[in-house]
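Here is what each chain is made of, one letter per residue.
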Amino acid sequence: MAAKVNASLLGLCAQAVAPAHWEALAYFHGMLVKHLDLVARRLLLGETIPAAEKVFSLFEPHTEWIKKGKQRPNVELGHRFLIATDQHQLIQDYAVLQGAAEVDQSVPVADRLLGRYGAGAIASLSFDKGFTRATDRDLLGLYVPTVVMSKRGKKSAADAERESGKQFVARRRQHSAVESEINSLEHHGLNRCLDTGLAGYLRYAGLGVMSYNLHMIGRELLAREQAAAEPVRRVA
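The structure contained in this document is the topic of the report that follows.

1. A closer look at a nonpolar patch on the surface
Together, Val-39, Leu-43, Leu-44 and Leu-45 line one region of the surface with nonpolar side chains, adding up to about 470 Å² of accessible area. Within the secondary structure layout, Leu-44 lies in helix H2 (residues 19-44).

2. Quick notes on the nonpolar core
Counting residues in each nonpolar core, the largest one holds 16 residues, and the members touching the most others are Leu-125 and Phe-127. Per element, the largest residue contribution to this core is 4 residues, and it comes from helix H3 (residues 106-117). Leave out the neighbours within four places in its chain, and Leu-125 touches Ala-110, Leu-113, Val-144, Thr-146, Val-147 and Val-148. Grouped together as the second largest cluster of nonpolar side chains are 7 residues, Ile-83, Ile-91, Val-209 and Met-216 included.

3. Here we look at the pattern of salt bridges
Inspection of the entire model under this criterion finds 11 salt bridges. Between Arg-41 and Glu-53 there is a salt bridge, with its nearest N and O atoms 2.9 Å apart. Residue Arg-41 is found in helix H2, and its partner Glu-53 is found in the loop between H2 and strand S1 (64-67); the two are separated by 12 residues along the sequence. On the basis of relative accessible area, Arg-41 is assigned to the buried category, the value being 16%. Between Arg-80 and Glu-102 there is a salt bridge; the shortest N-O distance is 3.7 Å. Here Glu-102 lies in the loop between strand S4 (91-97) and H3 and Arg-80 lies in strand S3 (residues 80-85), a separation of 22 residues in the sequence.

4. Observations regarding the layout of surface pockets
By volume, the second largest pocket amounts to about 210 Å³. Forming the boundary of the second largest pocket are Glu-64, Trp-65, Ile-66, Lys-67, Arg-80, Leu-97, Gly-99 and Ala-100. No other element matches the 4 residues that S1 contributes to the lining of the second largest pocket. The residue inventory of the lining of the second largest pocket, partitioned by class, reads 4 nonpolar, 1 polar and 3 charged.

5. Thoughts on the side chain of Asp-136
In this structure, Asp-136 sits in helix H4 (residues 134-140). There is a polar contact of 3.4 Å between the side chain of Asp-136 and the side chain of Ser-106. When near neighbours in sequence (up to four residues on either side) are disregarded, Asp-136 contacts Val-103, Ser-106, Val-107 and Met-149.

6. So, H3
Owing to its 3.6 residues per turn, the α-helix brings residues three or four apart onto one side. The terminal C-alpha atoms of H3, which comprises 12 residues, lie 17 Å apart, in line with the 16 Å expected from a rise of 1.5 Å per residue. Of the residues making up H3, those classed as buried are Ser-106, Val-109, Ala-110, Leu-113 and Leu-114. Looking down the long axis of H3, one finds its buried residues gathered within 130° of arc, a one-sided arrangement. Counted as exposed and oriented over 90 degrees from the buried face of H3: Asp-111 and Gly-115. Looking one or two places after H3, you find Gly-118, whose phi comes out positive at around 95°.

Conventions used here
- Residues numbered from 1 in each chain as written.
- Predicted model: local features only at pLDDT ≥ 70, side-chain atom pairs only at ≥ 80, totals over all residues.
- Heavy atoms only, no water.
- Patch = residues over 30% accessible without salt bridge, like charges linked within 9 Å, V, L, I, M, F, W, Y side chains within 5 Å.
- Areas by Shrake-Rupley, 256 points an atom, 1.4 Å probe, with all protein chains shown as cover.
- Salt bridge = Lys/Arg side-chain N within 4 Å of Asp/Glu carboxyl O.
- Helix = DSSP H or I, 4+ residues; strand = E, 2+ residues; numbered from the N terminus.
- Core = buried A, V, L, I, M, F, W, Y, C linked by side-chain atoms within 4.5 Å.
- Buried < 20%, exposed > 50% of the residue type's maximum accessible area, 1.4 Å probe, protein only.
- Contact = heavy atoms within 4.5 Å.
- 1 Å grid on protein atoms, 1.4 Å probe; cavity = no way out; pocket = protein on both sides within 12 Å on 5 of 7 lines; lining within 4 Å.
- Points joined across faces, edges and corners; volume = space filled by probe spheres on them.
- Nonpolar A, V, L, I, M, F, W, Y, C, P; charged D, E, K, R; others polar.
- Polar contact = N/O pair within 3.5 Å; in protein donor to acceptor, adjacent residues only side chain to side chain.
- Expected span 1.5 Å × (residues − 1).
- Arc of directions from axis to C-beta.

Below you can see the structure in the form of structure tokens.
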């Protein structure tokens, strides 16, 4: 099959074909060759193909297979999306994680935030369990007074004591608000990317974050205007 397609492409050499069309033909020919190789390795040779070698979308080849760790849905197609919000529910940092593991992101995101706002500007940092790593927690503790990282799996006595502390519990409870913020982001256009290409995906993600923040700021301004317009009642 690939040989027939290659022969057809050679037959087009004498014809006037736009460069963009040549690029598209060459791309899909390359994808055909790649998938024939994957099928042969998987079905004929019995290999287990690593996810990084698979292509989940011919039109958006940057798409990744994401294991959610939940029953429904247990997998999604796209990219992992990191957000860092403050006490006012505004997104202060975000990143599209292209193949990067969550556990490797706690120090980079803290570094970006500290670089932006300066040492001493952050009183606490709270992370999902997927970011937990003891060495990173100890490192971040040198720069941030309270670092909330719940240990995955069985906890030692020291871990249990640390995670039962008053500040740890209070910050951990506040962290649950990020789930509603993620849900709100999905309603601001990030449930499904309607743009094309990786550059379009990254742009779409940034615009979604901006629209979310504008919505939150607008909601706060409207609440303040409404509070200022309400009459003051005094009871004698």
